Amino acid sequence: MSSSVSPLAPKHVPDMPVIAGIRLATAEAGIRYKNRTDVLLALMDKGTAVAGVFTKSKCPSAPVEWCRAKLKGGKARALVVNSGNANAFTGKTGRASTALTAKIAAKAVGCSESEIFLASTGVIGEPLDATKFDGVLGRLAEAAEPADWLGAAKAIMTTDTFPKVATATVKLGKAKVTINGMAKGAGMIAPDMATMLSFIFTDAPIAPAALQALLKSGVEDTFNAVTIDGDTSTSDTLLAFATGAAAAHGAPKISRASDPRLKAFVKAFNGVLANLAEQVARDGEGARKLVEITVEGAKTKASARKIAMSIANSPLVKTAIAGEDANWGRVVMAVGKAGEPADRDKLSISFNGIRVAKSGARDPDYDEAQVSEAMKAPEIAIKVSLGLGKGRDRVMTCDLTKEYVAINGDYRS
């Protein structure tokens, strides 16, 4: 966790309302960091539905494997998150650590171990001493309260420079329901769950299968459309919990994701995901520029996504932006290497609304001074028009600075 907050951090932190059926508590367990909270316990009332989406890494962490196995039950009573140690690439020791953590948590909460969900973030390859949770989780279970969302978000940070929270309130039937979310992530961020953790909570009465479908759909144009460095984490975890408490106030019980009564809820739910995903991009390690890349005129949306990601993950593009250089030649390079349909002579490119290239060549009205001034802005929009079809997509990233190298050069030591 950095002492210097990203210049791209949101200027406003929302007031996070209480959600019926959710209580939170944090503590210092000494997992790796000193003099800061590093454990979060979230308690859920009986009957809370759970859904999850995880990293596509072939080397997943022990907590990811644990959560995947427990999702089949569809119910959750507690979430335990620690920062400082990812419990990844830890073999049998890692699996034993997750089992012990769940056992300690289940005893503290008074529920089955199958209703405990786990997430860890931090250094890869170091054993996690789960005995440090003994006693701590019991105290947290007794002290948990409904209100401290910001404290919860702080406890799960690693190289993050600010806690990431978002909220929305929307009507479902006759009742108002709330959606609260938190996330951590600043580096090792790439789609396939663009090390990222995120947790979404709502009092809406949504069945596990419907919640799973909503989450899987919602992630595609939010967290899976964010990249910091092109590296997919071993630990990426996104969990959603629905307590169902709003049913007592007139919210209908939802069993299908296609239920038309969910229309406004889905928009709000996806809005929370998008907000958190953008905050991850804003907190990219060493970032000084938030970058939005839009590709239009592609053959398909999928093709547009691949081209946009090729641009977003290019170190040459990202360092040019860090240097406030509108180097469209590097964008052309990234388009060409993506392996998707493209016609050089139809290609147009703009930076912050100023077209710099048209029909495969420099724009005849190009003005170096105008573009250079535009590149000084903290937010940069790159737009690429392919002129081949109707496919369009958008991804978020950030620039690549010396600070990124400094942060990652000694992360483990």
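No experiment lies behind these values; they were computed from the predicted model shown.

Trainee: Just give me the short version of the environment of G84, but keep the residues and values in it.
Mentor: Positionally, G84 belongs in strand β4 (residues 78-85). On the accessibility criterion, G84 (2% relative accessible area) is buried.

Trainee: Break down the environment of A242 for me, with residues and values.
Mentor: Among the structural elements, A242 can be located in strand β9 (residues 237-242). In sequence terms A242 and A322 are 80 residues apart; their C-alpha atoms lie 41 Å from each other.

Trainee: Before we move on, could you go through the UniProt feature "binding site: substrate" (unreviewed entry) in the protein and cite the residues and values that matter?
Mentor: Taking the UniProt record as the reference, the feature "binding site: substrate" (unreviewed entry) is found at T158, K184, T195, E285, N408 and S413. Within the element layout of this structure, T158 appears in the loop between α4 (149-155) and β6 (164-172). In this structure T158 comes out as buried when scored by relative accessible area, which is 3%. Mapped onto the fold, K184 is located in strand β7 (residues 175-184). Within the local environment of K184, its side chain forms a polar contact with the side chain of T121, the two groups lying 3.1 Å apart.

Trainee: If you had to explain the packing of aromatic side chains to someone new, which residues and values would you point to?
Mentor: Scanning the model with the defined rule gives five aromatic pairs in all. Aromatic side chains F201 and F241 sit 5.3 Å apart centroid to centroid with 20° between the ring planes, which places their arrangement in the stacked category. Linking F201 in strand β8 (residues 197-202) with F241 in strand β9, this pair joins segments that are 40 residues apart in sequence. By relative accessible area, which is 1% here, F201 ends up buried. With 5.1 Å between their ring centres and 65° between their planes, W328 and Y366 make a pair best called edge-to-face. Note that W328 is positioned in helix α9 (residues 328-337) and Y366 in the loop between β13 (361-362) and α10 (368-374), a separation of 38 residues in sequence. Ring pairs connect the aromatic residues F117, W149, F201 and F241, which therefore count as one cluster. The ring of F162 carries the charged tip of K164 above its face, separated from the ring centre by 4.5 Å.

Scoring rules and cut-offs
- Each chain has its residues counted from 1, following the order in which its sequence is written.
- With pLDDT at 70 or above as the cut-off, local features in this predicted model cover only qualifying residues; side-chain atom pairs require 80 or more to be listed or tallied, and sums for whole chains, interfaces and linings still use all residues.
- Side-chain calculation: all heavy atoms of the structure are included, whereas hydrogens and water are not.
- Helical segments are the DSSP runs of H or I of at least four residues, strand segments are the runs of E of at least two, and each set is numbered from the N terminus.
- Whether a residue is buried, partly exposed or exposed follows from its accessible area with a 1.4 Å probe, protein chains only, as a fraction of its type maximum: under 20%, in between, or over 50%, in that order.
- UniProt positions are given in the numbering used here, feature names are shortened, and annotations may be inferred rather than shown by experiment.
- Distance and chemistry together define a polar contact, namely a pair of N or O atoms within 3.5 Å, with one atom able to donate a hydrogen and the other to accept it when in protein, and with adjacent residues in sequence counting only for side-chain atoms on both sides.
- When two rings of Phe, Tyr or Trp (its six-membered ring) have centres within 6.5 Å they constitute a pair, described as stacked for plane angles under 30 degrees, edge-to-face for angles over 60, and tilted for the intermediate range.
- Cation placement over rings: the criterion is NZ of Lys or CZ of Arg within 6 Å of the ring centroid and within 35° of the ring normal.

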